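Spelled out, the chains give:
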Amino acid sequence: MATDLGAIEAQLNQAFPGAVIDRDGDWLVIEASRLPTVAQYLRDEMGYDWLTHLSASDYPDRFEVVYNLYSSRPDQQGPGIPFKVRVPDKANPHVPSLTSIWKSADFQEREVWDMFGIRFDGHPNLKRILLWEGFAGHPLRKDWHEPYYEQEHKPFPSRWPHAQQPKPRSAEERVRWRANVQYPQGFDPDQWKPVPEIDVLPAAKIDLNGLETDQVYVNIGPQHPSTHGVLRMIVGLNGETVTSIYPVLGHLHRNHEKIGERNLWTGIIPYTDRLDYVCPMYNNFGYVVAVERLMGQEVPERAEYLRVIMGELTRVINHLLAIGFQFNELGAMFTPMIYAFTEREHVLDLFEEASGARMMVNYYRFGGVARDVSDDWLKRCRKVVDRLDRKIDEFDTMLSDNEIFIARARGVGAMSWQEMVNYGVTGPVLRSAGLKYDIRKVEPYSIYDTFDFEVPTFETGDIYDRYRQRMAEARESVKILRQALDRIPARGPIQAGKKPWNPKVPAGELYSRVEHPKGELGFYLVSDGGTNPYRYHVRSPSFVNLGALEAMSVGHLFADAIVILGSIDITLGEVDR
Amino acid sequence: MTQEIQVPEELKGQVFITTLSQIYGWGRRYSLWPMFFGVACCAFEFMAASAARFDVGRFGMDLARASPRQADLIVISGTVTKKMVPKIVMLYNQMAEPKYVISMGACATGGGPFKEGYNVVSGVDQFLPVDIYVPGCPPTPEALLAAYIALHEKIQNESIKKVRWYRREPIPEVPVPLLGGPDLIDPRQIPAIRQAALERPVEATAETSETSA
């Protein structure tokens, strides 16, 4: 799985003697003070131009900030360079910021600051991103406890009502305020002044061809029909033209990672459903693939096929829904969206029969899937796939040549793939700009290497190309689905070995990624060998892709900014986690 | 009705006798305008309920309004976080009476699977008066339709004489929770928080050590 780290280490040691101070499993440990120069070298000289993942973890004696570099160069796509920086000073942790080298570091460094309190020197806007300014503490530190804290690890005693006497008290009863809040000792509500959510923006004067006007700021959301959930954007306007966009995130921050660290390894699977709630199957997929890599678990063939079938069905409906919402924002109110929802119902019927739930499927397991499907299910699945194929054509006929759409979408939101790589953008948005990069091809997982499918690309990366990209990818998914349905073994185990209800995962640390319908879905997992993760981080495609929103929108009209947001295709459950 | 009202023979089949309250409720129940507002995952099932297969148009409520001032019904479709709850309360306060709240799904009802999270409010009913709770994670569109029908019945049974929006006294607004401090502050709890600040050594947090495992 790993690149030839030894060669890279040797090359780095030659260029910067002493910069690589250690080797920790598959990770290079780089000296913090030399991080920016080493990173610059990796990007410019070695072609690792793509910082996709940045996060941190908290150990008793240090913090570690971890980075995953990949390359867009055709000869070294595939496994990347994982490296990390150790921060022994826990009281006052500092790490040099990489925002000047990779813009994708911006949001992710802010998240690390928010969650761990690690300061990134040189970051232009190091503010909390998921929580609010003024929040007490940094919640992903191991010594920080939430108000409803009960124990380090599940299962909690209160979840076993018959296991112990006296009966454990409920969370509300244990907390003084009978609600999920806590205040620092001696907190005085009268002396307290709220920290404003954002700074009051200066009313700048703009010179508009001799006309003197004011900069206008328009607030969109968090309750707004076009923000795809509870996203808030502060849009700076010069007339109708966008000059800046500042997304305010965290309105759906559900503490996925803190809960994940309390959870059992298996107990996280249903939580991953709720990350990107448009494609629960694929979130499951990404997570179990990551844990299986850590465990070295094999998966029986029939289960692999079922996984791919479910995953690709998800991809088709995700793309159709994305297109439907896109047209909603363009003013084609509801018709394409309702068409997409109709197709979604057909796929959800299959999911419901296979897993027991329409949306929150909880279907994948380590080493297999939860339940087998009948022959009849496969037959009906084939019918649905044929139907989807027809419907994609129908969408194509209905929408592709629409003049209004073309007039509004061509040339809007365009960005070169080089710039997108710098912003860490992945998935259909990136491919629509011309870079042929699909994790299913460059770093195959599951059985994707046995299927015959293309990675479509387009040229400009504008909204129209993103639309065509999604159409083309949905078609490729149908192709994969057909092959999978043809080749799936008629009988066979769907679970390797016994069903593990509470597996122990060998100690280790890895970053594993899959090609989610929205982009690169990565899981950064640290196991200490126990029944629950020591650190569990989700690198979600929506969150990182959203970082490029401002650069894509500036210079376009206000109404186009909404459409550009829609064309990135975000889900807030995944942005905020 | 204690007194039977007689319809003249020639008008039978052309008029019907009812009470003002009933006709008031009948008219209102079939013209609910829900707010176009999704919070989290449940919003997808909320939208699926509006789409072709489940078709809430049959219930006279297909016209979702994006503005709270035009809406009668707010469906809290997902996890209410501390960062979001001030906005939800503001939206609720902006809605004109009569207004109804459906708490859709486990998260909005009690925190659901995310209850233990530090940024999650354990149920929107800590702040808003909820009319109907819908169980499920997420509830199926059928469950949501059942909730709509239950709400229709509730509206039908409201008496025009007793409804709060025709009373003389103004309806108090829900105090908006305060964000920006160390944690979410419910204005109604400020006296208790003040009290706690005066008590010197007491830990104002959850008693963390005490879980007799």
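Sequence order sets the numbering: in each chain, residues are counted from 1 along the sequence as written. As they are written, the chains are lettered A onward and the ligands numbered 1 onward, keeping that order. It should be noted that, the model being predicted, local features are given only for residues of pLDDT at least 70 and side-chain atom pairs only at 80 or more, the latter also being counted only at that level, while totals for whole chains, interfaces and linings use all residues.

K.L.:
Give a detailed account of the overall build of chain A, specifying residues and quantitative values.
P.N.:
Secondary structure is summarised from DSSP: a helix means a run of H or I of at least four residues, a strand means a run of E of at least two, and numbering begins at the N terminus for each. Counting its secondary structure elements, chain A contains 19 helices and 17 strands. Restricting the calculation to C-alpha atoms gives the radius of gyration, and the globule rule supplies 2.2 Å times the number of residues raised to the power 0.38. By the compact-globule yardstick of 25 Å for 577 residues, chain A fits well, its C-alpha radius of gyration being 24 Å. Principal-axis analysis of the C-alpha atoms places the extent of chain A at approximately 75 × 65 × 60 Å. Buried residues are those with 20 or more other C-beta atoms within 10 Å of their own C-beta, exposed residues have 12 or fewer, and partly exposed residues lie in between; C-beta atoms are placed from the backbone. Going through the 577 residues of chain A one by one, you find that 53% of them count as buried. Note on contacts: residues are paired as contacts if their backbone-placed C-beta atoms lie within 7 Å. A separation threshold of at least 6 residues defines the contact pool for chain A, and within that pool the share at least 24 residues apart is 66%.

K.L.:
Got a sec to walk through the overall build of chain B? Specific residues and values, please.
P.N.:
When you go through chain B residue by residue, the secondary structure sums to 6 helices and 3 strands. Helices and strands in chain B line up, N terminus first, as α-α-β-α-β-α-β-α-α. Its C-alpha radius of gyration of 22 Å places chain B more than 25% over the 17 Å reference for a compact globule of 213 residues. Expressed along its principal axes, the backbone C-alpha trace of chain B runs to roughly 85 × 45 × 35 Å. Relative to its full complement of 213 residues, chain B shows a buried share of 44%.

K.L.:
An account of the interface of chain A and chain B is requested, with residue identities and associated values reported.
P.N.:
Residue-level contacts link 63 residues of chain A with 55 residues of chain B. Breaking the side of chain A that touches chain B down by element, the ones donating at least two residues are α4 (171-174), α5 (256-262) and α9 (335-355) of chain A. In terms of residues, the side of chain A that touches chain B owes the most to one element, α9 of chain A, which gives 4 residues. In this classification, Asp, Glu, Lys and Arg are treated as charged, Ala, Val, Leu, Ile, Met, Phe, Trp, Tyr, Cys and Pro as nonpolar, and every other residue, Gly included, as polar. Here the residues of the side of chain A that touches chain B are counted per class, giving 34 nonpolar, 15 polar and 14 charged.

K.L.:
Account for the pairing of strand β3 (residues 50-59) of chain A, naming residues and giving values.
P.N.:
Residues and elements named next belong to chain A. With respect to burial, β3 is a largely interior element, 9 of its 10 residues being buried. Two elements, β3 and strand β4 (residues 62-70), share 9 bridges in a ladder whose sense is antiparallel. From the neighbouring strand, Leu-54 faces β4, where its bridge partner is Tyr-67. Here the rule is simple: two strands pair whenever DSSP picks up at least two bridges between them. The antiparallel pairing of β3 with β4 creates a hairpin that spans 2 residues between the two strands.

K.L.:
Just give me the short version of helix α8 (residues 301-330) of chain A, but keep the residues and values in it.
P.N.:
Residues and elements named next belong to chain A. Helix length check: α8 (30 residues) gives 44 Å between terminal C-alpha atoms against 44 Å at 1.5 Å per residue, within 8%. Burial runs high along α8: 29 of the 30 residues are buried. Positive phi shows up at Gly-331, right after α8, with a value of about 105 degrees. An expected span of 1.5 Å times one less than the residue number is assigned to each helix.

K.L.:
Any details on the nonpolar core? Residues and values, ideally.
P.N.:
Structurally, a nonpolar core is described as a collection of buried Ala, Val, Leu, Ile, Met, Phe, Trp, Tyr and Cys residues joined by way of C-beta atoms within 7 Å. One finds Ile-118 and Met-420 of chain A together with Ile-74, Ile-76, Val-80 and Ile-102 of chain B to be the most contacted residues of the largest nonpolar core, which totals 226 residues. Considering each element in turn, this core owes the most residues, 16 residues, to α8 of chain A. If you count residues domain by domain, this core takes at least three from each of domain 1 (5-121) and domain 2 (256-576) of chain A. Contacts of Val-80 of chain B, omitting those with residues within four sequence positions, involve Val-39, Val-85, Ile-88, Cys-107, Ala-108, Val-121 and Val-124 of chain B. The domain boundaries here were taken from an automatic or database domain assignment.

K.L.:
Explain the confidence of the model for chain B residue by residue, including any values.
P.N.:
Mean pLDDT over chain B stands at 85; residues scoring 70 or higher make up 92%. Residue-level confidence of the predictor is what pLDDT reports, using numbers from 0 through 100. Segment residues 202-213 of chain B: pLDDT under 50, and 24 contacts once partners within four positions in sequence are set aside and those in other chains are kept.

K.L.:
Describe unusual backbone geometry, listing the residues and the values that go with them.
P.N.:
All names here are of chain B. Backbone torsion omega between Glu-97 and Pro-98 reads -10 degrees, so that peptide bond is classified as cis. Structurally, Pro-98 can be placed in the loop between α3 (85-94) and β2 (100-104). The step from Cys-137 to Pro-138 runs through a cis peptide bond, and the omega angle for that step is -10 degrees. Looking at the element boundaries, Pro-138 is found in the loop between β3 (132-134) and α5 (141-156).

K.L.:
Outline the packing of helix α10 (residues 375-399) of chain A against helix α15 (residues 463-487) of chain A, listing residues and values.
P.N.:
Residue and element names in this part refer to chain A. Each axis is a line fitted through C-alpha atoms, and for a helix only the stretch in contact is used; angles between axes span 0 to 180 degrees, taken between their N-to-C directions. Two elements in contact, α10 and α15, have axes whose closest approach is 10 Å; the angle formed by their N-to-C orientations is 160 degrees. As the angle between them shows, α10 and α15 are arranged roughly antiparallel. Viewed along their axes, α10 and α15 form a crossing whose handedness is left-handed. Contacts from Leu-378, Cys-381, Arg-382, Val-385, Leu-388, Asp-389, Ile-392, Phe-395 and Asp-396 of α10 reach α15 at Met-471, Ala-474, Arg-475, Val-478, Leu-481, Arg-482 and Leu-485. Orientation labels follow simple angle bins: below 35 degrees gives roughly parallel, above 145 gives roughly antiparallel, 65 to 115 gives roughly perpendicular, and whatever is left gives oblique. The sense of a crossing depends on the near helix, which, turned anticlockwise from the far helix by less than a right angle, makes the crossing left-handed and, turned clockwise, makes it right-handed.

K.L.:
Give me the domain arrangement of chain A: which residues, what numbers.
P.N.:
Residue and element names in this part refer to chain A. Partitioning chain A into domains gives domain 1 (5-121) and domain 2 (256-576). Computed from C-alpha coordinates alone, the two centres of domain 1 and domain 2 are separated by 27 Å. Contacts between domain 1 and domain 2 engage 23 residues on the former and 23 residues on the latter. When residues of the side of domain 1 that touches domain 2 are traced back to their parent elements, those giving at least two are β3, β4 and α3 (105-116).

K.L.:
Tell me about the packing of α8 of chain A against α15 of chain A, and name the residues and values.
P.N.:
Residue and element names in this part refer to chain A. At their nearest, the axes of α8 and α15 sit 9 Å apart, and the two run at 155 degrees to each other. The angle between the axes of α8 and α15 places the two elements in the roughly antiparallel class. Read as a crossing pair, α8 and α15 show a hand that is left-handed. Contacts from Tyr-305, Val-308, Ile-309, Glu-312, Leu-313, Arg-315, Val-316, His-319, Leu-320, Ala-322, Ile-323 and Gln-326 in α8 reach Tyr-467, Arg-470, Glu-473, Ala-474, Ser-477, Val-478, Ile-480, Leu-481, Ala-484, Leu-485 and Arg-487 in α15. Considering only residue class, the contact of α8 with α15 consists of 15 nonpolar, 3 polar and 5 charged.

K.L.:
So what about helix α2 (residues 42-50) of chain B? Which residues, and what values?
P.N.:
Burial analysis of α2 of chain B places 9 of its 9 residues in the buried class, which makes it a mostly covered element. Buried residues in α2 of chain B make contact with α9 of chain A together with β1 (73-77), β2, α4 (105-110) and α5 of chain B.

K.L.:
Could you give an account of the sheet that holds β3 of chain A, with specific residues and numbers?
P.N.:
Residue and element names in this part refer to chain A. Here 5 strands make up an open sheet; going across it, the order is β1-β2-β5-β4-β3 and the pairing mixed. Only two strands of the sheet have a single partner each, and these edge strands are β1 (20-24) and β3. When strand polarity is set aside, the average angle formed by the axes of neighbouring strands in this sheet is 25 degrees.

K.L.:
How would you explain the sheet that holds β3 of chain B if you had to name every residue and give the values?
P.N.:
Residue and element names in this part refer to chain B. Across the sheet, which stays open at both edges, the 3 strands sit in the order β1-β2-β3 with parallel pairing between neighbours. A strand with exactly one partner marks an edge of an open sheet, and here the two such strands are β1 and β3. The sheet shows a mean angle of 15 degrees between the axes of neighbouring strands, taken without regard to direction. With 3 bridges connecting them, β2 and β3 associate as parallel partners. Looking across to β3, one finds that Ile-102 is bridged to Ile-132. Its contacts with the sheet put α2 on β1 and β2, and the angle it makes with β1 is roughly 130 degrees. Along the sheet, α5 makes contact with β2 and β3, crossing β3 at roughly 170 degrees.

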